[in-house]
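# Topology and contacts: notes
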Amino acid sequence: MAEEPDYESLPPNAGLAVNMLAGALAGISEHAVMFPVDSIKTRMQVFSASPVAVYSGVGNAFTRISSTEGMRALWRGVSSVVLGAGPAHAIHFGTLEAVKELAGGNKAGNQWLAHSLAGASATIASDALMNPFDVIKQRMQLHKSEFRSFMTCASTVYRNEGLAAFYVSYPTTLAISIPFNAIQYTVYEQIKRFMNPRNEYSPSSHITAGAVAGAVAGAVTTPLDVAKTLLQTRGTSHEIDIRNANGMLDAFRIIWRRDGARGFGRGLIPRVMTIMPSTALCWLSYEFFSA
């Protein structure tokens, strides 16, 4: 009798294209749903001389932004995410599956090393594409942002700051994403296998494993995310030290000098709030589309 195929295995004629399409659909779903909370996270992480832009918490930020700027302000920049997330996640999941297969991650047993390698490799490729879109997104999310369209923001940043503005944060992005994805994917696989040892299609296990994995990875990498936000929004600052920050170490020094250890935790709660449901939805969508 022929062996039953693993429910997560793709049809023989599907291949990489289906993995990439599944990843693209999952990525758009993941980012779009929690975008307003991500906007709050960005604003909470920005070092600004204006007290108007300083928020005491997620609830305070939501109330003040919606009452003074309108609810639409929380969605500024979503077009950049939609445009970038699809192809970036397609590359991410395509690389993920390819490396997992090559490294032996689909074999029986605990293949945590292969899973970590697959997660780290996938993000190197996807972040190279996504980084400029993320810069545009954060510029549009800022308090009193002058930008209302993706193209206007992209052309203005390029004209005023050059191509380097879109990639000054790329090393920091990788410093976040490699451990984030390695942690997330490893935790996800371990929890999923514990909850669903028979490898049956189980949305509850995908949601739970994805949420926990995202929360752990998001909390651990928050200090790096604060540095990334500083670098990606430096061009909007009126303060010389921030405008002249050229990399992760410069960002760390500025954060420490201005806010001490507390500064590295800026936006922790909205970051985790964003990542938990979005990661759960991402994995649920991916498992559904690729099943």
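Residues numbered from 1 in each chain as written. Predicted model: local features only at pLDDT ≥ 70, side-chain atom pairs only at ≥ 80, totals over all residues. Heavy atoms only, no water.

## With respect to the overall build of the protein chain
- A tally of helices and strands in the protein chain yields 12 helices and zero strands.
- For the protein chain, the N- to C-terminal ordering of α and β elements is α-α-α-α-α-α-α-α-α-α-α-α.
- For the protein chain, contacts bridging at least 24 residues in sequence account for 77% of all contacts bridging at least 6.
- On the protein chain, roughly 13500 Å² of surface is accessible, and the fraction owed to carbon and sulfur atoms is 66%. (Helix = DSSP H or I, 4+ residues; strand = E, 2+ residues; numbered from the N terminus. Contact = heavy atoms within 4.5 Å. Areas by Shrake-Rupley, 256 points an atom, 1.4 Å probe, with all protein chains shown as cover.)

## A look at the packing of helix 4 (residues 78–102) against helix 5 (residues 112–141)
- At a minimum axis separation of 8 Å, helix 4 and helix 5 run at an interaxial angle of 165°. The angle between the axes of helix 4 and helix 5 places the two elements in the roughly antiparallel class. Like other packed secondary-structure pairs, helix 4 and helix 5 cross with a definite hand, here right-handed.
- Partitioned by chemical class, the residues of the contact of helix 4 with helix 5 number 16 nonpolar, nine polar and two charged. (Axes fitted to C-alpha atoms, helices over the stretch in contact; angles between N-to-C directions. Parallel < 35°, antiparallel > 145°, perpendicular 65-115°, else oblique. Left-handed = near helix turned anticlockwise from the far one by under 90°. Nonpolar A, V, L, I, M, F, W, Y, C, P; charged D, E, K, R; others polar.)

## Some details on the packing of aromatic side chains
- Counted by the stated rule, this structure contains six aromatic pairs.
- With a centroid separation of 6.2 Å and an interplanar angle of 20°, the aromatic rings of F35 and W75 are classed as stacked. Within this pair, whereas F35 is found in helix 2 (residues 35–45), its partner W75 is found in the loop between helix 3 (58–68) and helix 4, the two being separated by 40 residues in sequence.
- Here Y188 and W283 contribute two aromatic rings whose centre-to-centre distance is 4.1 Å and whose plane-to-plane angle is 15°, an arrangement assigned as stacked. With a gap of 95 residues between them, Y188 in helix 7 (residues 170–195) and W283 in helix 12 (residues 268–290) connect regions that are remote in the sequence.
- Taking relative accessible area as the criterion, Y188 reaches 0% and is therefore assigned buried.
- Directly above the ring of F47 sits R266, whose terminal nitrogen or CZ lies 3.9 Å from the centroid. (Phe/Tyr/Trp six-rings, centres within 6.5 Å; stacked < 30°, edge-to-face > 60°. Buried < 20%, exposed > 50% of the residue type's maximum accessible area, 1.4 Å probe, protein only. Lys NZ or Arg CZ within 6 Å of the ring centre and 35° of its normal.)

## Description of the nonpolar core
- If you look at the biggest cluster of nonpolar residues, it comprises 13 residues, and the most contacted ones within it are I136, M140, C153, V157 and F166.
- If you list the elements that add at least two residues to this core, you get helix 5 and helix 6 (150–161).
- Looking at this core element by element, the count peaks at five residues for helix 5.
- When near neighbours in sequence (up to four residues on either side) are disregarded, M140 contacts R76, G77, S145, F147, R148, S149, F150 and C153. (Core = buried A, V, L, I, M, F, W, Y, C linked by side-chain atoms within 4.5 Å.)

## Some words on helix 3
- Along helix 3, the positions that sit buried rather than exposed are V58, A61 and I65. Seen along its axis, helix 3 keeps its buried residues to an arc of 65°; they face one direction. In helix 3, the exposed positions that point more than 90 degrees away from the buried face belong to S67 and T68.
- Just downstream of helix 3 lies G70, where phi reads positive at about 90°. (Arc of directions from axis to C-beta.)

## Comments concerning the confidence of the model for the protein chain
- Counting all residues, the mean pLDDT for the protein chain is 84, and 87% of those residues have values of 70 or more.
- Low pLDDT, under 50, characterises residues 1–13; the predicted model gives this stretch 19 contacts beyond four residues in sequence or across chains. (pLDDT = per-residue confidence, 0-100.)

## A word on the pattern of salt bridges
- One pass over the full model with this rule turns up 19 salt bridges.
- R258 is the salt-bridge partner of D241, the closest N and O atoms lying 2.9 Å from each other. Of this pair, D241 sits in helix 10 (residues 240–243) while R258 sits in helix 11 (residues 248–259), placing them 17 residues apart in sequence.
- When the shortest N-O distance is used, the salt bridge between R262 and D259 registers 3.1 Å.
- On the accessibility criterion, D259 (17% relative accessible area) is buried.
- Shared partners join several salt bridges into a network, and the residues in it are D38, K41, D134, K137, D225, K228 and R271. (Salt bridge = Lys/Arg side-chain N within 4 Å of Asp/Glu carboxyl O.)

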